[in-house]
Amino acid sequence: MYLREAKAHELDTIYAIGFDVWNDGLSYEEYLTDCRSSEKYQAGTWYVLVENEQILSSLIVYQGLFDLKEGCFGIGSVATPNNIRYKGYASHLLNLMKTELFINHNGKAIFLHCDIDPQFYSRLGFTSIEGSDCMYISSDTFVFNGSIPAYF
């Protein structure tokens, strides 16, 4: 298994992974159309956890948007295909992504807005920000000043 940037031809597959959770009552085609035209989705960089060219899990990374300070990243839309959930793929992807952002991109902090059980992210080292759905993990040099990035 390895982490890599998603390829353009994989985006519909990535969007489809979240359909059961994020469709907001839209039909499958309406949902895909919304994803394809989403400025938010176009503004980030999609990453995938892959084995034998099968996407096991995906997420999007943001930088310089949503009130993220310099050196800070936002992670969103963490998803695993329904038929292979609960096998640790999202955890593995997030751990690889943390390493990538902290070591290879000199990240200071990674934020996310928790749409699922916060304990999932807590087990991966993220800390809840009281009074919000936002969580973060930071390098040793980052001091959280209470500034919460906008929802991404």
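Please read all numbers here as calculations on a predicted model, not as lab measurements.

Caption draft 1: Up close: empty space enclosed by the protein. Counted according to the given criterion, the structure contains one cavity of 30 Å³ or more. There is about 40 Å³ of room inside the largest cavity. Lining the largest cavity, in full, are Ile-14, Tyr-15, Gly-18, Trp-22, Tyr-31, Tyr-41, Trp-46, Ser-58, Ser-77 and Ala-79. Counting residues per element, the ones that place at least two in the lining of the largest cavity are α1 (11–17) and β4 (72–79). Broken down by class, the residue content of the lining of the largest cavity amounts to seven nonpolar, three polar and no charged.

Caption draft 2: Looking closely at helix α5 (residues 89–104). Taking 1.5 Å per residue, 16 residues should reach 22 Å; α5 reaches 21 Å between its end C-alpha atoms and fits that length. Of the residues making up α5, those classed as buried are Tyr-89, Ala-90, Leu-93, Leu-94, Met-97, Lys-98 and Leu-101. Looking one or two residues past α5, Asn-106 carries a phi angle of roughly 50°, positive in sign.

Caption draft 3: Looking closely at helix α3 (residues 28–37). Considered for burial, the residues of α3 that qualify are Tyr-31, Leu-32 and Cys-35. Within α3, the buried residues cover an arc of 95° as seen down the axis, which keeps them to one side. Of the surrounding elements, those touching the buried residues of α3 are α1, α2 (19–22) and α4 (39–43).

Caption draft 4: Seen up close, the layout of surface pockets. One number sums up the size of the largest pocket: a volume of about 960 Å³. Lining the largest pocket are 38 residues, and of these Val-21, Trp-22, Val-78, Ala-79 and Ile-116 sit closest to its centre. Of all the secondary-structure elements, those providing two or more residues to the lining of the largest pocket are α2, α3, α4, β4, α5, β5 (109–113) and α6 (118–122). In terms of residue count, the dominant contributor to the lining of the largest pocket is β4 (five residues). Here the residues of the lining of the largest pocket sort into 20 nonpolar, nine polar and nine charged.

Caption draft 5: Up close: the pattern of salt bridges. Scanning the model with the defined rule gives five salt bridges in all. Between Arg-4 and Glu-53 there is a salt bridge, and its shortest N-O distance comes to 3.2 Å. Placement of the pair is Arg-4 in strand β1 (residues 2–5) and Glu-53 in the loop between β2 (45–51) and β3 (54–63), with a sequence separation of 49 residues. For Glu-53, a relative accessible area of 46% translates into the label partly exposed. Of the charged contacts in the structure, one is a salt bridge between Arg-85 and Asp-20, with a shortest N-O distance of 2.9 Å. Placement of Arg-85 in the loop between β4 and α5 and of Asp-20 in helix α2 is noted, with a sequence separation of 65 residues between them. Residue classification places Asp-20 among the partly exposed positions, given a relative accessible area of 42%. Overlapping salt bridges bring together Arg-4, Lys-7, Glu-10 and Glu-53 as one network.

Cut-off values and rules
Residues numbered from 1 in each chain as written. Predicted model: local features only at pLDDT ≥ 70, side-chain atom pairs only at ≥ 80, totals over all residues. Heavy atoms only, no water. 1 Å grid on protein atoms, 1.4 Å probe; cavity = no way out; pocket = protein on both sides within 12 Å on 5 of 7 lines; lining within 4 Å. Points joined across faces, edges and corners; volume = space filled by probe spheres on them. Helix = DSSP H or I, 4+ residues; strand = E, 2+ residues; numbered from the N terminus. Nonpolar A, V, L, I, M, F, W, Y, C, P; charged D, E, K, R; others polar. Expected span 1.5 Å × (residues − 1). Buried < 20%, exposed > 50% of the residue type's maximum accessible area, 1.4 Å probe, protein only. Arc of directions from axis to C-beta. Contact = heavy atoms within 4.5 Å. Salt bridge = Lys/Arg side-chain N within 4 Å of Asp/Glu carboxyl O.

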